[in-house]
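The chain contents come next:
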Amino acid sequence: MRIGFIGLGTMGRPMALNLIGHGYELIIYARRAASLAPLVKQGATTAKTPEELATECDAVFTMLTGTTDVEAVVLGENGIVRGARPGTTVIDTSTIHPARARVIGEQLAVAGVDFLDAPVSGGPHGAAEATLSIMVGGKIDALERVRPLFKCIGTKILHMGDQGAGQATKACHQLLLLVTAQGVAESLTLARRAGLDLERVQQAMMGGMASSRVLEVFGDRMVRRDFSAGIESRLYHKDLDIVLQLAHTLGVALPAGAVTMQFINGLHGLGHDANDLSSLITLVEQMGVNAKV
């Protein structure tokens, strides 16, 4: 199979490199030449447009920032749909709105192209180590056809249902991740104010029922005051916006999600969009200072 890959950022680049590492011939597209260089060095070839890329590929991955980016690359002028042959599979690993994923799938189906919405979780480390969790929506036969590709980038590949189901699952995942991160920030702020050793507090919580991957990763960064971005907080803002839109559509109340969104909005207002999600703790701490005043 000849594989296309569009979206060579923090997550996409290591995913694409893992595909190359498993012997797949990769064709790549990016707007910035600097994004292409590391892949070209490993043997990838480049295309001038998504349309040109699609004409050469049996399967095309996208890993882009948001819903409108995916729609433009897949369905827009010089988009994938204009070059893809019937039988091609388009695999979107971005995090986008479930309803829009279904629309993309419907429009690709008109051209005889299969579509899988397959958002991933595991962060940059999981992308580099090929240990991502992949939540797949779409036809099961399309998934089975490209399962060998998924095995190059992840260890847990779950079919969640029809198109859009992968994105709906990711929305649920991000809600839990972000609300938990908010809880970690509040717990550690309380511990600091009580005069406790934060590293020991985190270790204690990791040994109890409160243990989680969020506490392990983001809690550690909060303790060390390391707010350099793994994934920029602005991307979590986008994800939680999708969650709240979905909840509104379904008539579901998400009070903890709504409160967490206010804190992520606060990061944006203070110009911390490029910081790691662990910087949430700085806002919780600041609120405590203001309350004392």
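Preceding this section is the structure that the text describes.
Treat the numbers as computed from the prediction; the structure is a model and nothing was measured.

Engineer: Is there a simple way to explain helix 12 (residues 255-269) in this structure?
Structural biologist: It helps to recall that an α-helix has 3.6 residues per turn; residues three or four apart then point in one direction. Helix length check: helix 12, at 15 residues, gives a terminal C-alpha distance of 21 Å against a target of 21 Å (1.5 Å per residue), a fit within 8%. Immediately downstream of helix 12, the backbone of Gly271 shows phi near 80°, a positive value.

Engineer: Would you mind showing me how to read the pairing of strand 5 (residues 89-92) here?
Structural biologist: As a general feature of sheets, a regular strand has side chains that alternate between the two faces. Burial along strand 5 is two-sided: the residues Thr89 and Ile91 and Val90 and Asp92 are all buried. Across four bridges, the pairing between strand 4 (residues 59-62) and strand 5 is parallel. Across the sheet, Phe61 pairs through a bridge with Ile91, a residue of strand 5. Each parallel crossover has a hand, and the one from strand 4 via helix 4 (residues 67-75) to strand 5 is right-handed. Where strand 5 lies against strand 6 (residues 114-117), four bridges are found, and the strand directions are parallel. Across the sheet, Asp92 pairs through a bridge with Asp117, a residue of strand 6. For the handedness criterion, the β-α-β arrangement of strand 5, helix 5 (residues 98-110) and strand 6 is classed as right-handed.

Engineer: Whenever I open this one, the nonpolar core confuses me. Can you help?
Structural biologist: Nonpolar side chains in soluble globular proteins tend to be buried together. Counting 34 residues, the largest nonpolar core has Phe5, Leu19, Leu26, Phe61, Ile134 and Phe150 as the members making the most contacts within it. Sorting the residues of this core by element identifies strand 1 (2-6), helix 1 (12-21), strand 2 (25-29), helix 2 (33-41), strand 4, strand 8 (132-137) and helix 7 (140-150) as the ones contributing at least two each. A per-element tally of this core places helix 7 first, with five residues. Look past the residues within four positions of Ile134 in its chain and what remains in contact with it is Ala118, Pro119, Val120, Phe150, Ile153, Gly154, Lys156, Ile157 and Leu158.

Cut-offs used in this document
- Residues numbered from 1 in each chain as written.
- Predicted model: local features only at pLDDT ≥ 70, side-chain atom pairs only at ≥ 80, totals over all residues.
- Heavy atoms only, no water.
- Helix = DSSP H or I, 4+ residues; strand = E, 2+ residues; numbered from the N terminus.
- Expected span 1.5 Å × (residues − 1).
- Buried < 20%, exposed > 50% of the residue type's maximum accessible area, 1.4 Å probe, protein only.
- Pairing = 2+ DSSP bridges.
- Right-handed = clockwise from strand over helix to strand, strands pointing away.
- Core = buried A, V, L, I, M, F, W, Y, C linked by side-chain atoms within 4.5 Å.
- Contact = heavy atoms within 4.5 Å.

Read these as spatial facts, not as claims about activity.
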